[in-house]
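# Commentary on secondary and tertiary structure
So the chains spell out like this:
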Amino acid sequence: MKRAYLTTAIALALSAAVGCSQSVNENHTGPINNDIWPELDLPVKQKPAMEQRIDELLAKMTLEQKVAQMIQPEIRDITVEDMRKYGFGSYLNGGGAFPNNDKYATPQDWIALAESFYQASVDDSIDGINIPTMWGTDAVHGHNNVLGATIFPHNIGLGAANNPQLIKDIAGVTATEVMVTGIDWVFAPTVAVARDVRWGRTYESYSENPQIVHDYAAAIVEGLQGDVAKNFLDERHVISTVKHFIGDGATTAGIDQGNAEIGEQQLFDYHAQGYVGGLQAGAQTVMASFNSWNGKKIHGDEYLLTDVLKQKMGFDGFVVGDWNGHGQIQGCTNANCPQAANAGLDMYMVPTDAWKPLYENLIAQARDGIIPMERINDAVRRILRVKMRADLFDKPSPAERPLSGKTELIGADEHREVARQAVRESLVMLKNNDGLLPLNPNQQILVAGAAADNIGQQSGGWTISWQGTGNTNADFPGGTSIFQGIADAVTELGGDVELAVDGAYKQKPDVAVVVYGETPYAEGNGDINNVDYQRNNPVDQQLLEKLQAQGIPVVSVFISGRPMYVNPELNASDAFVAAWLPGSEGQGVADVIIADETGKPRYPMTGKLPFSWPANPAQGRLNSDQDSYAPLLKLGFGLSYGEQSTLADQLPTHFSDQEMLADMPIFDRGPQSPWQLQIFNEQQRIEVTSSVQAIDGLRSSTFDDQVQEDAREFIFADSDTAGFSFISPFSRDLRAFAGDSGVLNLSYKVDRIPKQPLYLQMNCLSGDCQVKVDIQPQLQQAEVGEWQTLSLSLQCLQQAGLNTSAVGEVFSLAHAAPLTFSIRDIRLIAEKAEDTQSLCLD
């Protein structure tokens, strides 16, 4: 009855909220409208015996031990001896962090690390107490940090399937594979309702429809944790985290970690429904969000974290922070933030070496009364309650648990079959002229496109590495690319398949399947200001048009983490399938688009759009209340086999917004596609694929400037010349930036004024067009340790010999003396600001 009531309430509230103009309180230090939020009858009840056990434990604990329970460091920043000494309540591995800092760590390596930290936590020889720690990981589409694991479609594709039972099955598989590696706790599900697809985390959102998110949250929590009445948090289930509370999908312009400028009713109607569903299924932890709500950071919002979530909605588990999210609160740093605890944050996620000063500051602030002891005790009680509900005090150690070490379960065939089903059900067909799909297998089929034989690209971000970059097919043992899936299906049924990524076939095909789309990205790096696919560089459109001009029917399989403006690509396609980010089981695409030997579908085409599809490049914002908004395709659209296409053959492709040339980011929190970061010396050149990488003469690592790992430093040694560069695998036409006002803009800082030459280079892929200039004289006025901006005229670089029509190396810096050179933004700008001077260097 409760769920039925909520379903009705959502529908009523949404109908009222679409055109709502609700006033907001920028500070909301007290209740605004607490009646909006429901009192939930949560299924996991407190047990007097357990609460008594917690009382007895709290009475034994020192303040230092209590604060340690509230600290969650990262595996790269602590040792086993740190765990033994301090007894942290938990620890995590961030995206791209592995045991021994080894991407190729085996499941046994993961188990060994889990076991060593666990044994250190229960060793009372130093701290006098034996509270077990727990390991949290971002297993957001399968156990995606571990090589060989089953990688499921990202949330946006699962939303297209609209199948809660499938979601529960996926969560169950994920829990199993996680427990094989000895881990207790998963930071999932993400229940954001993305309202602007320019947001780089849109693919982590199941749908713009909050009802789908509500139902999925309940399903995935139950799949991860088990049924509260049957197998709750037993030896085959893990603790789940509903995240990110709250409004992460509502930020203005889709800016990651930005400001959700919406009223409280809309906050509940759209952005709270995943929490209603997840908490009613028994979720034990909630992660606070990076974003602000009307100017106030959620990590420091007592009204939302305490008054709403804990008191009104009745959540009695604990609230964990996001990656140094507390440090973004006004007046806080990563190492000093009592405001977060007082607002209701129970566990600080504090990677980097900030954990130790934070720990010491929290102890001092509790002693001084800045943080009341009742708040400390409440936070620790909540953490201990979850640990007891998960039976961590009484379960065997990680290496001795029933599933631990059963490596045959990692990527098991039955798990991959669940993922393959998810791929099939996630596909959405936007166009199918003349019933081209499904393809008769008894013909010559060309498979083309950069994503055709690329499991990393089809899996997207949060896959092995944080951003999903730096992976090859060899990093997905047991996985299948879309090309391989098509080839297997077609050859089995008597046809022939040729792979030619660039479309340069050897035998003219009867039909071409072109697989292309966005390259991997994760939070921050994925933010865009315009939804035009391949804006200013339409290489995939050109490939489609080239094939069509030869009389070859074209099927587009579009890989993306969001709906995008693709009118030109739709016009150049006879059939078009949105495949989202399908993960490691690419044969699921072939299951649907390749017919059986009689020409009939082997599986139906059932997916429906989880988000409306934009009609022009500026339509990032969804379901705007402006009358001018009209999507190309509405939420829920999706052709089935046998249905006629409804899109016009020639969709409009000219919009005034396209005339404005967008900035081209080269480095913005990380390398931006297609640019790849490499480091080099006189002997070798390697791609940078992890947070820390080094060669002789140069060490490079990420660091937190304003947000998580958004800047990178390069530490040059006193040795032969070494350097770093941004390379494209194909040449880029940058002539549009070589006008009077076009600049290469660099945000940098140095730890000293260099006395040796500091060479900036740009180069093309073919021919001799290198430009090499010493920028050391320009740095003489730099203020050491402070961020500086350097703007270089592209027109001058072109006049110096750079072929801007075919640039392959856009930025390279080389040096041969001690220097720490840090960057946080490099980009090409067509129209520099009026007050910005650009340099012409000799």
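In case you missed it, the structure is sitting above this.
Computed from a predicted structure; not experimentally measured.

Thresholds, definitions, all that
Residues numbered from 1 in each chain as written. Predicted model: local features only at pLDDT ≥ 70, side-chain atom pairs only at ≥ 80, totals over all residues. Heavy atoms only, no water. Helix = DSSP H or I, 4+ residues; strand = E, 2+ residues; numbered from the N terminus. Rg over C-alpha atoms; globule rule 2.2 N^0.38 Å. Buried < 20%, exposed > 50% of the residue type's maximum accessible area, 1.4 Å probe, protein only. Contact = heavy atoms within 4.5 Å. Lys, Arg positive; Asp, Glu negative; His and termini not counted. Charge placed at Lys NZ, Arg CZ, Asp CG, Glu CD. Salt bridge = Lys/Arg side-chain N within 4 Å of Asp/Glu carboxyl O. Pairing = 2+ DSSP bridges. Axes fitted to C-alpha atoms, helices over the stretch in contact; angles between N-to-C directions. Left-handed = near helix turned anticlockwise from the far one by under 90°. Nonpolar A, V, L, I, M, F, W, Y, C, P; charged D, E, K, R; others polar. Parallel < 35°, antiparallel > 145°, perpendicular 65-115°, else oblique.

### Observations regarding the overall build of the chain
Per the secondary structure count, the chain includes 22 helices and 30 strands. The globule rule puts the C-alpha radius of gyration for 842 residues at 28 Å, and the 27 Å found for the chain is close to it. Seen along its three principal axes, the alpha-carbon backbone of the chain occupies a region of about 80 × 75 × 55 Å. Split into buried and exposed, the 842 residues of the chain put 63% on the buried side. Relative to all contacts within the chain whose residues are 6 or more apart in sequence, the contacts with residues 24 or more apart total 78%. The average position of the 60 basic charges and that of the 106 acidic charges among the side chains of the chain differ by 4 Å.

### Section: the pattern of salt bridges
With the rule as written, the count across this model stands at 34 salt bridges. The salt bridge involving Glu222 is made with Lys168; its shortest N-O contact spans 2.6 Å. With Glu222 in helix 9 (residues 210-225) and Lys168 in helix 8 (residues 164-180), this pair connects stretches of sequence that are 54 residues apart. The exposure class assigned to Glu222 is partly exposed, which follows from its relative accessible area of 23%. Asp751 is the salt-bridge partner of Arg752, the closest N and O atoms lying 3.1 Å from each other. For Arg752, a relative accessible area of 37% corresponds to the partly exposed category. Assessed through its relative accessible area of 34%, Asp751 is described here as partly exposed.

### Overview of the sheet that holds strand 16 (residues 554-559)
Strand order in the open sheet formed by 6 strands is 12-17-16-15-13-14, with mixed pairing between adjacent strands. Only two strands of the sheet have a single partner each, and these edge strands are strand 12 (428-432) and strand 14 (496-499). Taking each pair of neighbouring strands and ignoring which way they run, the sheet shows an average axis angle of 20°. With 4 bridges joining them, strand 13 (residues 444-448) and strand 15 (residues 511-517) adopt parallel strand pairing. Residue pairing across strands places Ala448 opposite Val514, the latter belonging to strand 15. Helix 18 (residues 482-492) contacts strand 13, strand 14, strand 15 and strand 16 of the sheet and is inclined by roughly 160° relative to strand 14.

### Some thoughts on the packing of helix 8 against helix 9
Their axes nearest at 7 Å, the elements helix 8 and helix 9 cross at an angle of 30°. When you trace helix 8 past helix 9, the crossing you get is right-handed. On helix 9, the residues touching Pro164, Ile167, Lys168, Ala171, Gly172, Thr174 and Ala175 of helix 8 are Asp215, Tyr216, Ala219, Ile220, Glu222, Gly223 and Leu224. Partitioning the contact of helix 8 with helix 9 into residue classes produces 8 nonpolar, 3 polar and 3 charged.

### Description of the packing of helix 9 against helix 11 (residues 273-280)
Interaxial distance between helix 9 and helix 11 falls to 7 Å at its minimum, and their mutual angle equals 25°. The pairing of helix 9 with helix 11 is recorded here as roughly parallel in orientation. For helix 9 against helix 11, the interelement crossing comes out right-handed. Across from Pro210, Val213, His214, Ala217, Ala218 and Val221 in helix 9, the residues of helix 11 making contact are Gln273, Gly274, Val276, Gly277, Gly278 and Gln280. Among the residues forming the contact of helix 9 with helix 11, the class breakdown is 6 nonpolar, 6 polar and no charged.

### Section: unusual backbone geometry
The omega torsion across Lys243 and His244 is -5°, close enough to zero to call that bond cis. Structurally, His244 is set in strand 5 (residues 241-245). The omega torsion of the bond from Phe245 to Ile246 falls at 10°, within 30 degrees of zero and hence cis. Mapped onto the secondary structure, Ile246 falls in the loop between strand 5 and strand 6 (259-260). Look at Asn294: it is not a glycine, yet its phi comes out positive at around 50°.

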